[in-house]
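Spelled out, the chains give:
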There are 2 protein chains.
Amino acid sequence: MKEFIRVALDAMGGDYAPAAPVEGAVRAVKEFSDVKVILVGKEDVIKNELKKYTYPNDRIEIKNATEVIVTGEPPVRSIQEKKDSSLVVALKAVKAKEADALVTSGNTGSVLVGGQTIVRREKGVERSPIATAIPTEKGVALLVDAGANVDARPDHLVQFAIMGQAYAEKVLNIDKPKVGLLNIGAEEEKGNALTKEVYGLLSSRSDINFIGNVEGNEVSKGKADVIVADGFAGNLVLKMYEGVSSTLMKTVKEVFMTNAGTKIGALLIKKALKEKLKTFDVDQYGGAPLLGLTSLVVKSHGNSKAAAFKTAIGQCVSFIKADLNAIIKERLNDIG
Amino acid sequence: MKEFIRVALDAMGGDYAPAAPVEGAVRAVKEFSDVKVILVGKEDVIKNELKKYTYPNDRIEIKNATEVIVTGEPPVRSIQEKKDSSLVVALKAVKAKEADALVTSGNTGSVLVGGQTIVRREKGVERSPIATAIPTEKGVALLVDAGANVDARPDHLVQFAIMGQAYAEKVLNIDKPKVGLLNIGAEEEKGNALTKEVYGLLSSRSDINFIGNVEGNEVSKGKADVIVADGFAGNLVLKMYEGVSSTLMKTVKEVFMTNAGTKIGALLIKKALKEKLKTFDVDQYGGAPLLGLTSLVVKSHGNSKAAAFKTAIGQCVSFIKADLNAIIKERLNDIG
């Protein structure tokens, strides 16, 4: 390991760029003494932002990149054509081992394409899934794959299980994480052609702590710590979570506004509700890593603020200190 | 059409059988003057229940069936072996045209298998989907297929769209129902192999009011009135809805109990909350029909009470009065 862990941070990605990533970088170098942050993006813009803060100057660098990939750009084209974008320059820095990891709040599609084509998969990894933390009644569960690979094959899902289990154990610090298969129905014979085959494969591996199927209604209950899915099913589940939560919270707020009585009631409840909902804030677990690449790439929420960027940088530290890529490599090569 | 619409009702199925279905039958014949209900199940038990009520005696019949299929029985075996179960006897009555439709709260798996193997599909229907109403911010959406057919082919999903659109229009009384495809991503080229092909097929049909993809986070917003899906994806979405709602409502209740202040707040809000949540009660739309069978089979929730059975019987009346099976047949044969 190097003296410092060097994290490249896309200073131009996300809804609050460049202010939020730059502030996140400053907070990270103050909190983590072994981190150097390389802010990638328009040099003058970043310099201007950095002026607002005092921080250990030798631990924040700037890497100039003149272009920016914006929301909604076609992923493949954005990566191919915007060669001097903050995202592409940052990915190349990681590939060239100038940085140990990358955190970006950019366009998910572009991050997925760039991760696969520039940073590339570790040898032996068939597909690189995106692993997203989702809130549960018991804390958090890691959904792998949350949308990077549709039409995945059974052996891909077995790799997702191995990588997800390693990540949950070493980075999320979950003791003996329980691995479940996203499916319809509880029994082994339930599901579609893909999940039926995956069930058999996962059951047969002694190195996977497989607890069986997880149905849609069991996801938020916290039945499993790692939920293995094809990217299509995983993305549906992730987005359903967002949609139903938003609809219900909207409904509760409407109830609060019904009449004078409910408005007073709302005032009495507001603080406790806000506190409680914080436990559902998955930003505390960092961003979503693309697992199985030669170096770590973390995709943060588009709406990440400074605190979320700082947490994501901390997540890179844990990942690298645990040498997770070496563990994944070893476990994938293991016959199980 | 016959003088009366004859609905067979499984008197032994569901959590509150036989009391709830029997009371539902009584309420139905009182409310709908053109309905006859055939209660299927143990004759002595049903007779005993019926004694509690006064009702037009000539419009409730009993059809004896000595066995009962219970929760968790293997679907195929339950249908093959329990030939004198209330469900099998009721399905056969429908097949033999002794009844025009069937309402049952029994075991979903057994109802699906029994519907396909005893009542059978209408000629030209490739797969019979189960169509489940789910609550949205704008009212209700019909999810087709909610779990009957996994590994469905593209042309199956086109049929689901046609049948779902007809049902939404004629039974749910939605004017020009918008048909969406459950998918990940908004654009045409997004999704897996199945949805990409289905997108093209749905777009090319002038008789389908296709509005494009519906992502997981758009389901509860009410973007589409009919959501077309493979049974695997549809079931995940349905169960995620249940699970996330339950987790969030549990959380809100915990917030209410935080301290003396929140407890008072809860008292002030309770009534309005209960009222509001009623709008999310999909039982008001009846049970979930299996579409495309030779006669209508409606699966009611396992926890249906008398009111839900009555509504489901009313749903059969609308279905039959609209002659929905004839409409479906005609539209399926249409080249689009």
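That block above? That's the structure.
As the structure is a prediction and not an experimental result, all values here were calculated from the model. (Residues numbered from 1 in each chain as written. Chains lettered and ligands numbered in written order. Predicted model: local features only at pLDDT ≥ 70, side-chain atom pairs only at ≥ 80, totals over all residues. Heavy atoms only, no water.)

Would you mind going over helix H11 (residues 324-333) of chain B with me for this structure?
Residues spaced three or four apart along an α-helix point in a common direction, a consequence of the helix completing one turn every 3.6 residues. Residues and elements named next belong to chain B. The complete set of buried residues in H11 reads Leu324, Asn325, Ile327, Ile328 and Leu332. In an axial view of H11, the angular spread of the buried residues amounts to 160°, which keeps them on one side of the axis. Residues of H11 that are exposed and point over 90 degrees away from its buried face: Glu330 and Asn333. (Buried < 20%, exposed > 50% of the residue type's maximum accessible area, 1.4 Å probe, protein only. Helix = DSSP H or I, 4+ residues; strand = E, 2+ residues; numbered from the N terminus. Arc of directions from axis to C-beta.)

In this structure, what is going on with the pattern of salt bridges? I would like to understand it.
Counted under the stated rule, the structure contains 42 salt bridges over all chains. The salt bridge involving A:Lys170 is made with A:Glu169; its shortest N-O contact spans 3.7 Å. Assessed through its relative accessible area of 32%, A:Lys170 is described here as partly exposed. When its relative accessible area of 25% is taken as the criterion, A:Glu169 is described as partly exposed. The shortest N-O distance in the salt bridge between B:Lys221 and B:Glu137 comes to 3.4 Å. (Salt bridge = Lys/Arg side-chain N within 4 Å of Asp/Glu carboxyl O.)

What am I meant to see in a nonpolar patch on the surface here?
A cluster of nonpolar side chains, A:Ile264, A:Leu268, B:Ile264 and B:Leu268, forms an exposed patch at the surface whose accessible area comes to about 330 Å². Mapping A:Leu268 onto the fold places it in helix H9 (residues 260-278). (Patch = residues over 30% accessible without salt bridge, like charges linked within 9 Å, V, L, I, M, F, W, Y side chains within 5 Å. Areas by Shrake-Rupley, 256 points an atom, 1.4 Å probe, with all protein chains shown as cover.)

Is there a simple way to think about the packing of aromatic side chains in this case?
The relation between two aromatic rings is expressed through the spacing of the ring centres and the mutual angle of the planes. Enumeration over the complete set of coordinates arrives at 4 aromatic pairs over all chains. On the numbers, 6.2 Å between centres and 50° between planes, the contact of A:Tyr167 with A:Phe319 is tilted. Residue A:Tyr167 is found in helix H6 (residues 154-170), and its partner A:Phe319 is found in helix H10 (residues 306-321); the two are separated by 152 residues along the sequence. With a relative accessible area of 1%, A:Tyr167 lands in the buried category. Aromatic side chains B:Tyr199 and B:Phe210 sit 5.1 Å apart centroid to centroid with 80° between the ring planes, which places their arrangement in the edge-to-face category. You can see B:Tyr199 sitting in helix H7 (residues 193-203) and its partner B:Phe210 sitting in strand S8 (residues 210-214), a full 11 residues away along the chain. You'll find B:Tyr199 and B:Phe210 in the same group, each marked buried. Directly above the ring of A:Tyr16 sits A:Lys305, whose terminal nitrogen or CZ lies 5.1 Å from the centroid. (Phe/Tyr/Trp six-rings, centres within 6.5 Å; stacked < 30°, edge-to-face > 60°. Lys NZ or Arg CZ within 6 Å of the ring centre and 35° of its normal.)

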